[in-house]
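Listed below, chain by chain, are the residues.
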Amino acid sequence: MSNNAPIGMFDSGIGGLTIAKALMQRLPEESLCYLGDTAHMPYGDKSPERLKEYAVGITKRLMDLGCKAVVVACNSASSNALDEVRAEAGPEVPVIDVVRPVVDWATLHNPCGEFALIGTRATVQSGLYDRLFSAKGGKVTSLATPLLASAIEEGFHNGTISNAVVEAYFADGWAAEKDAMLLACTHYPLVKDEICAQLPSQVVVVDTPAIVSERAAKVLSECGARASVKTQPHRFEVTDWTQAFADGAAHILGTSVDLFEVPWSEIQ
Ligand code: DGL
């Protein structure tokens with residue numbers, strides 16, 4: 001496969017664009033092909049079986065588009081459907097998830113640390129973070145925060161509604177004694193300021209997009225698959241065209257994007 005082929009990425013909606021933005025900064029010569037599965041948003045409330053079905057369909061689409069790698073820019077899919085994505089992508093195509101790079105980073109940089117984590121129900125209920133942390137002797141306390149991703153997708157960030165939702169999830173002070181906070185949903189960096197406002201200053205909020213983009217750069221380099229110069233524009237697809245996605249993408253990326261709708265019936 002050509003090194004100039006795009007990197008495929010997906011999430012249920014705009015959340016994965018927080019990873020896309022970091023990738024654009026870290027690897028400006030790479031072209032991205034992003035698929036937001038807005039028809040099935042939110043992923044966090046779906047069963048593992050549904051998440052596997054969606055992830056496999058999207059990976060097939062990304063392979064049809066000739067992507068050279070897949071970044072699963074979604075914690076819910078990374079926690080429940082990574083093996084299926086790898087099987088669909090095949091042995092030649094590197095797959096980067098958003099869970100393992102962060103656990104590796106956290107346990108390397110603060111091996112004795114006590115970590116707090118917020119994520120979707122699908123991510124927290126998978127137990128993957130707990131298993132990976134305990135395999136490395138680390139400790140994590142997780143809370144599912146199911147209202148957040150949908151509120152953010154609808155444009156409720158940096159305002160009174162997102163503030164109130166975040167405040168409610170931290171009201172009993174469960175995270176105040178921890179060393180660091182993991183935002184285990186790619187939508188959550190969009191309410192990072194609100195989250196920081198609820199935590200004492202010693203609780204560091206881990207920068208997942210930067211860590212994942214660094215891992216992607218490393219994996220592509222190891223495979224000899226890095227592009228040397230950008231040859232094609234980024235492509236953005238959704239399974240259901242929504243104004244919320246268009247507005248969210250412009251907010252995150254700082255520029256409006258051409259958004260192509262590819263209905264799920266064409267992906268299956
Ligand atoms: N941004 C996704 C994640 O990281 C999905 C959120 C959702 O659709 O519920 O889990």
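Residues numbered from 1 in each chain as written. Predicted model: local features only at pLDDT ≥ 70, side-chain atom pairs only at ≥ 80, totals over all residues. Heavy atoms only, no water.

**With respect to the overall build of the chain**
Next, step 1: Helices and strands together make up the secondary structure of the chain, namely 13 helices and 10 strands.
Next, step 2: Against the compact-globule benchmark of 18 Å for 268 residues, the chain has a radius of gyration of 17 Å, which places it among compact chains.
Next, step 3: Along the three orthogonal principal directions, the C-alpha set of the chain runs to about 50 × 40 × 35 Å.
Next, step 4: Burial status across the chain gives 55% buried among its 268 residues.
Next, step 5: Sequence separation of 24 or more characterises 79% of the internal contacts of the chain that already satisfy a separation of 6 or more.
Next, step 6: Just so you have it, the chain exposes about 11,100 Å², and 51% of that area is on carbon and sulfur atoms.
Next, step 7: The centroid of the 21 positive side-chain charges in the chain is displaced by 6 Å from the centroid of its 33 negative side-chain charges. (Helix = DSSP H or I, 4+ residues; strand = E, 2+ residues; numbered from the N terminus. Rg over C-alpha atoms; globule rule 2.2 N^0.38 Å. Buried < 20%, exposed > 50% of the residue type's maximum accessible area, 1.4 Å probe, protein only. Contact = heavy atoms within 4.5 Å. Areas by Shrake-Rupley, 256 points an atom, 1.4 Å probe, with all protein chains shown as cover. Lys, Arg positive; Asp, Glu negative; His and termini not counted. Charge placed at Lys NZ, Arg CZ, Asp CG, Glu CD.)

**Considerations on the pairing of strand S1 (residues 7–11)**
Within a regular strand, side chains alternate between the sheet's two faces.
Next, step 1: Across the five residues of S1, five count as buried, placing the element largely inside the fold.
Next, step 2: What you see with S1 is no split at all: Ile 7, Met 9 and Asp 11 on one side and Gly 8 and Phe 10 on the other are buried throughout.
Next, step 3: Of the pairings in the sheet, the one linking S1 to strand S2 (residues 32–36) comprises five bridges and is parallel in character. Within S2, the residue paired with Asp 11 across the bridge is Gly 36.
Next, step 4: Taken together, S1, helix H1 (residues 17–26) and S2 constitute a β-α-β crossover, and its handedness is right-handed. (Pairing = 2+ DSSP bridges. Right-handed = clockwise from strand over helix to strand, strands pointing away.)

**Description of the pattern of salt bridges**
Next, step 1: Evaluation of the coordinates by the stated rule reveals 15 salt bridges.
Next, step 2: Measuring nitrogen to oxygen at the nearest pair gives 3.7 Å for the salt bridge that ties Arg 226 to Glu 29. Here Glu 29 lies in the loop between H1 and S2 and Arg 226 lies in the loop between helix H11 (208–222) and strand S9 (235–238), a separation of 197 residues in the sequence.
Next, step 3: Arg 121 is paired through a salt bridge with Asp 45; the nearest N and O atoms lie 3.5 Å apart. Of this pair, Arg 121 sits in helix H6 (residues 121–126) while Asp 45 sits in the loop between S2 and helix H2 (48–64), and the two are 76 residues apart along the sequence. (Salt bridge = Lys/Arg side-chain N within 4 Å of Asp/Glu carboxyl O.)

**Here we look at H2**
Next, step 1: For H2, built from 17 residues, the straight-helix expectation of 24 Å at 1.5 Å per residue is met to within 8% by its first-to-last C-alpha distance of 24 Å.
Next, step 2: In the stretch just after H2, Gly 66 is the one whose phi turns positive, near 80°. (Expected span 1.5 Å × (residues − 1).)

**Description of the sheet that holds strand S8 (residues 204–205)**
Next, step 1: Sheet architecture is open: four strands sit in the order S6-S5-S7-S8, paired in parallel fashion. At either margin of the open sheet sits one strand with a lone partner, and together these are strand S6 (139–144) and S8.
Next, step 2: The pairing of strand S5 (residues 114–119) with S6 spans six bridges and is parallel. Its bridge partner being in S6, Ile 118 is matched across the sheet by Leu 143.

**Quick look at the site of the ligand**
Next, step 1: Among the 14 residues in the neighbourhood of the ligand, the closest are listed as Ser 12, Tyr 43, Asn 75, Ser 76 and His 187.
Next, step 2: One of the side-chain nitrogen or oxygen atoms of Asp 11 is found 3.0 Å away from a nitrogen atom of the ligand.
Next, step 3: At 2.9 Å from a nitrogen atom of the ligand is found a side-chain nitrogen or oxygen belonging to Thr 186.
Next, step 4: Burial of the ligand by the surrounding chains reaches 99%, relative to a free accessible area of 300 Å².
Next, step 5: For the shell around the ligand, the per-class residue count stands at six nonpolar, seven polar and one charged. (Near = heavy atom within 4 Å. Polar contact = N/O pair within 3.5 Å; in protein donor to acceptor, adjacent residues only side chain to side chain. Nonpolar A, V, L, I, M, F, W, Y, C, P; charged D, E, K, R; others polar.)

Any link to function would need more than the numbers given here.
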